[in-house]
Amino acid sequence: MKVLEHLKNNFLLFDGAMGTMLQNEGLRDGELPEVLNIEKPGIVSKIHRQYVLAGADVVTANTFGANSLKFKNQKYTVKEVILSGIKCAKESGAKYVAQDIGPTGALLEPMGTLTFEEAYDLYKEQVLIGKEAGVDLFIIETISDLYEAKAAILAAKENSGLPVFCTMTFEKDGRTFCGVDAVSAAVTLSSLGVDALGVNCSLGPKEILPVVETLAKYSKVPLIVQANAGLPKDLGGKTVYEITPEEYTNEIKKMADLGVRVFGGCCGTTPEFIKSMKNYLDTVKPKEIAPPGVSFATSGTKAVCLDGRTIVVGERLNPTGKKKLKEALVSNNMDYVAREAIEQAQHGADILDVNAGLPDIDEPKLLQKVIKEVQSVVNLPLQIDSSDPSAIEAAVRFYNGRPIINSVNGKKESMEKILPIVKKYGTLVVALTLDEGGIPKKAEERLNIAKKIIDEAEKYGISKEDIIVDALVLTVSAQQEEVLETLRAVKLIKEHLKVKTILGISNVSFGLPNRELINKTFLAAALGAGLDMAIINPMSPGMMGTISAYKVLSNEDKDAAGFIKKFASEEKREVKVVDNENTSLFDIIVQGRKDESAQKVSKMLDEGKDPLDIIENEFVGALNFVGEKFEKGEIFLPQLMQSAQAVKNAFVVISDFYQSRGVKREQKGKILLATVKGDIHDIGKNIVKMMLENYGYEVFDLGKDVDKSLIIETIKKENITLAGLSALMTTTVKSMKETIDEIRKENLPCKVMVGGAVLNEDYARFVGADYYAKDAQGAVQIAREFFKK
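Residues numbered from 1 in each chain as written. Predicted model: local features only at pLDDT ≥ 70, side-chain atom pairs only at ≥ 80, totals over all residues. Heavy atoms only, no water.

Draft legend 1. Examining helix α6 (residues 116-133) more closely. For α6, with 18 residues, the first-to-last C-alpha span of 26 Å sits near the 26 Å given by 1.5 Å per residue. Of the residues trailing α6, G134 is marked for its positive phi of about 85°. (Helix = DSSP H or I, 4+ residues; strand = E, 2+ residues; numbered from the N terminus. Expected span 1.5 Å × (residues − 1).)

Here's what the structure looks like:
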């Protein structure tokens, strides 16, 4: 832990780019950088020493892509590559050696096919090798998915005990490729217990500053910044970066003022950049970051602040008193669960409570499945509701983001079992004011139990800002006097303990007629008593109306803007969820209800609908609608992928329909896709493939690391007129150019579109492409325009 001691009172300086330096040393196009640890260790060690001489405290081993998924068909094992890489780093004489751990190269569920457990095992393998080799810390970097970050962080923390740093890579819109915003990143990574968090790659220091400002505002741990040396450009066939070491250092001065304590460089940075930063950092002292005084619950792409606003927690995913939900859970009908989640989200819920507690079921397994399903269709944070500690941990472990656990109580056994889970996974927690003596009648006794739980949580290192107290609502029909005691308890808890409060409002009206009237009246009284979070039915106009009115009266809804928008406008929702029989295929696709789309298409075909009409008007119409929302930043990659998967599932039904009648489905055009020679990354290409197929194009996917000869051969054999080439690594851009040059040399009537993380308009022109596709939706637009001509 020496590195953490160093970090307490000092800046910590990492090295710069390895890939850039290896290219300068003659790294061949498409050659895997990590293989040089074994084949040319002298060059790798030399680069590390250059960074140490420039002033780097930490050198990062050349192990970024060394995982079993990427090295599946390589001549060296992951262990050989990692051990050799760490050996090279240690020979540099650096104070500290960090094992570099990059993304797996595959999308995790539900966007992709890699499971959380599989990702965890890939990272665990790397961590155990690094621990054996004696690294000082792990740097998990260039991550775009919080779910993948969580798998890597847990693998490192559970299998090493060494410091863990984690950085994500953000784009110009302030979000990652997978749609993660800076607030969600800061909150979630902090809660998972990393020792430093931050940002690397993608952008230059100037462009990345707004992200750093947000991270500094919400992070509870030291910040790390390793930006690119600006944006890459082509200069005479060579990749160069636009800013100088001095310009880079001028930008990091602003970040040091924000409290950033760990610096380094990514693509394009060299020892000169490190030396420049070192010279500046030696003249200043690190600034402390004040811990944020607010609490957030997060999903993979959304952060919900629990302070300064009234929070609605949707109650409809709890089987208590809900016959249809019980039947759905017993029969594993996840379509019903998904619809309930979508409805609540569309009607204004901020967070959804999720409970799968039924007799004679495997609750840990079922709750985990429900959590995964709900997170695949809505982006709201979830409150995981169970009385079974094993079910809670199973769900929390596989949850993407930072959830709320519902609940812990004042019983010694409950605190001993639940609080360690809260601490390990960094969740928020609902604290019930009951103990071995049951639910006290008086408010003062409930206050005392709340205080006991808060005091006990503090011993585990759990801040009271992450505890939400439930003073417990009893039924007015049976315990009329205690109802007012609940309201008194809310007031006392707010006054004396200064924590957030939550109540299950509808409990008050069990056994009475006109429950809605009782519920909304009690809700108003509870809000007046200081209630922060209300567990209610967001489908109830009366309950949601009470919330809206209270926000105006409490000065939360400034100028009553939200109230006026809600009640004065006659505009309807863009997508309305109705009963399953009457839900349109368009809505099913837009909502990403992938398990229902095939059923709906099958029914439409049975009713005599024209398959071509379904494709053109339903599939394409819905995908266009989703694509427009994606382009506007209203939805993100997870939602886009869910809609694409819904169409893909539905297409199977139409294909079977055509096949059973001996009819060949008409294709709009043939498109070849390939990741170029030397590049083993294909996430982006696979997304493009799914989108193009959904729009009716016949896609010839040649995979990754594809030789130009196979591409030429396929274009000729299949009469391909549009090809899409992908590259993620700067080292493989030349391979892309050579492939396009060969297509031109053969005089083939084939246009080429290119895309990938390292590509931009300038690079597209450099490699000789006809089109540049920024993302999957861009590729679809290019194809539509091309084949229209």
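Draft legend 2. View of the side chain of H48. Checked against the element boundaries, H48 lands in helix α4 (residues 41-54). Given the relative accessible area of 0%, H48 is considered buried. (Buried < 20%, exposed > 50% of the residue type's maximum accessible area, 1.4 Å probe, protein only.)

Draft legend 3. Main features of unusual backbone geometry. In this chain, E109 is followed by P110 through a cis amide linkage whose omega measures 5°. One non-glycine residue with positive phi stands out, namely D360, at about 60°. Here D360 shows up in the loop between β14 (351-355) and α14 (363-377). The class for D360 is exposed, based on a relative accessible area of 84%. The phi torsion at N514 lies on the positive side, around 50°, for a residue other than glycine. Positionally, N514 belongs in the loop between β19 (500-504) and α19 (515-528).

Draft legend 4. Examining the sheet that holds strand β7 (residues 223-227) more closely. Strand order in the open sheet made by the eight strands is β1-β10-β7-β6-β5-β4-β3-β2, with parallel pairing throughout. Edge strands, defined here as strands with exactly one partner in the open sheet, are β1 (12-13) and β2 (58-60). Alignment of β7 against strand β10 (residues 262-265), held across four bridges, turns out to be parallel. In the strand pairing of β10, Q226 is matched with G264. Sitting on the sheet, helix α10 (residues 245-258) touches β7 and β10, and the angle it makes with β10 is about 160°. (Pairing = 2+ DSSP bridges. Contact = heavy atoms within 4.5 Å. Axes fitted to C-alpha atoms, helices over the stretch in contact; angles between N-to-C directions.)

Draft legend 5. Seen up close, the domain arrangement of the protein. Taken domain by domain, the protein holds domain 1 (3-281), domain 2 (296-565), domain 3 (585-660) and domain 4 (670-788). Taking only C-alpha atoms, the centre of domain 2 and the centre of domain 3 are 34 Å apart. The interface of domain 2 with domain 3 comprises nine residues on the first partner and 11 residues on the second. Between domain 2 and domain 3, a total of about 810 Å² is buried, with carbon and sulfur atoms accounting for 47% of that surface. Taken as a group, T301, D335 and S376 account for 46% of the area that domain 2 buries against domain 3, more than any other trio of residues on that side. Our count for the contact surface shared by domain 2 and domain 3 stands at one salt bridge. As a salt-bridge pair, R339 and E596 come within 3.4 Å of each other at their nearest N and O atoms. Across the contact surface, domain 2 and domain 3 share three residue pairs in polar contact (both at pLDDT 80 or more). The element that contributes the greatest number of residues to the side of domain 2 that touches domain 3 is helix α13 (residues 334-346), accounting for four residues. For the side of domain 2 that touches domain 3, the residue count by class is two nonpolar, four polar and three charged. (Domains from an automatic or database assignment. Buried area = accessible area lost by both parts, 1.4 Å probe. Salt bridge = Lys/Arg side-chain N within 4 Å of Asp/Glu carboxyl O. Polar contact = N/O pair within 3.5 Å; in protein donor to acceptor, adjacent residues only side chain to side chain. Nonpolar A, V, L, I, M, F, W, Y, C, P; charged D, E, K, R; others polar.)

Draft legend 6. Looking closely at the environment of T310. Considering the arrangement of structural elements, one finds T310 in the loop between β12 (303-305) and β13 (311-317). For T310, a relative accessible area of 3% corresponds to the buried category. For T310, the residues in contact, after removing those within four places along its chain, are D350, L527, D532, I547, Y550, K551 and E556. A distance of 2.8 Å separates the side chain of T310 from the side chain of E556, its partner in a polar contact.

Draft legend 7. Region of the structure containing the environment of K217. Structurally, the position occupied by K217 is in helix α9 (residues 205-218). When its relative accessible area of 54% is taken as the criterion, K217 is described as exposed. Between the alpha carbons of K217 and G259 there is a distance of 9.7 Å; along the sequence they are 42 residues apart.

Draft legend 8. Quick look at the pairing of strand β20 (residues 533-536). Side-chain alternation along β20 places M533 and I535 on one buried face and A534 and I536 on a second face that is also buried. Alignment of β13 against β20, held across four bridges, turns out to be parallel. Bridging across to β20, V312 finds its partner in A534. In the sheet, β19 pairs with β20 via three bridges, with the strands oriented parallel. For I502, the partnering residue across the bridge sits in β20 and is M533. Handedness of the β19-α19-β20 crossover: right-handed. (Right-handed = clockwise from strand over helix to strand, strands pointing away.)

Draft legend 9. Seen up close, the packing of aromatic side chains. On inspection of all chains with the given rule, the structure shows 12 aromatic pairs. Above the face of the Y120 ring, R397 is positioned so that its terminal group lies 5.0 Å from the ring centre. One residue, K737, lies across the ring of F766, its end atom 5.8 Å from the ring centre. (Phe/Tyr/Trp six-rings, centres within 6.5 Å; stacked < 30°, edge-to-face > 60°. Lys NZ or Arg CZ within 6 Å of the ring centre and 35° of its normal.)

Draft legend 10. Structural context of the packing of helix α23 (residues 594-606) against helix α25 (residues 637-660). Viewed as axis vectors pointing N to C, α23 and α25 meet at an angle of 35°, and their least axial separation amounts to 8 Å. Seen from above, α23 lies across α25 with right-handed handedness. Contacts from K594, S597, A598, V601, S602 and L605 of α23 reach α25 at Q642, Q645, A646, N649, A650, V653, I654 and F657. (Left-handed = near helix turned anticlockwise from the far one by under 90°.)

Draft legend 11. Just the pattern of salt bridges, in detail. In the structure shown here, the tally under the stated rule is 38 salt bridges. A salt bridge links E413 to K417; the nearest nitrogen and oxygen atoms lie 3.2 Å apart. Within this pair, E413 and its partner K417 are both found in helix α16 (residues 412-425), separated by four residues, close to a single helical turn. The network of salt bridges with common partners includes K220, R402, E465 and D466.

Draft legend 12. Region of interest: the pairing of strand β18 (residues 467-470). Residues I467 and V469 of β18 are buried on one face, and the alternating residues I468 and D470, pointing to the opposite face, are buried as well. On the question of chirality, the crossover connecting strand β17 (residues 428-432) to the parallel β18 by way of helix α17 (residues 443-459) is right-handed. With three bridges connecting them, β18 and β19 associate as parallel partners. Along β19, the bridge assignment pairs D470 with I502.

Draft legend 13. Spatial organisation of the nonpolar core. With 172 residues, the main nonpolar core has L189, F263, L352, V374, L503 and I505 as its most contacted residues. Shared between two domains, this core holds at least three residues of each, these being domain 1 (3-281) and domain 2 (296-565). In contact with I505, not counting residues within four places along its chain, are V473, N519, F522, L523, A526, L531, A534, I535, I536 and M543. (Core = buried A, V, L, I, M, F, W, Y, C linked by side-chain atoms within 4.5 Å.)

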